[in-house]
Structure formats: C-alpha cells, structure tokens
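A structural walkthrough
Chain by chain, the residues run as shown.
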Amino acid sequence: MALELERACYDKMERESMEYFYAAEEEIQRQRERIRQLENVLTENGIPVPEES
C-alpha cells in the first residue's frame, strides 16, 4: 500500500514537472521568435545586430 501511494505521488510530481517544462519551453520559443523578428527589423533598417556575449 505504501509503495502504491509513493508511486502515485511520484507520478503526480512528474506530471506537474512536465507541465512546467512544456510551458517554459513554449515561452522560450515565443521569446526566440520575438528576438528573430527584432533582428529582422534591425537588419532591414541597416542597424547591426549585437553579437551574443
């Protein structure tokens, strides 16, 4: 019984962590797209894109 409860808890923690992971990954993708769009605007206007540091 204790092992089943522990397993259920671990399963729930895994689901919650994966939900967080996918939400964070989605936000990162949105930010990358925004950066790409901003770099395009800079380039189109003859403004050099700063190098990554």
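Rules and cut-offs
- Residues numbered from 1 in each chain as written.
- Predicted model: local features only at pLDDT ≥ 70, side-chain atom pairs only at ≥ 80, totals over all residues.
- Heavy atoms only, no water.
- Salt bridge = Lys/Arg side-chain N within 4 Å of Asp/Glu carboxyl O.
- Helix = DSSP H or I, 4+ residues; strand = E, 2+ residues; numbered from the N terminus.
- Buried < 20%, exposed > 50% of the residue type's maximum accessible area, 1.4 Å probe, protein only.

Looking at the pattern of salt bridges
This model, assessed by the stated rule, comprises 5 salt bridges. Two residues, E16 and K12, come together in a salt bridge whose shortest N-O distance is 3.3 Å. Placement of both E16 and K12 in helix α1 (residues 2-44) is noted, with a separation of 4 residues, approximately one turn of the helix. Across the pair E33 and R36 runs a salt bridge whose closest N-O atoms are separated by 2.4 Å. One end of the pair is E33 and the other is R36, both in helix α1 and 3 residues apart, which spans about a single turn. Here R36 falls in the partly exposed class, since its relative accessible area comes to 40%.

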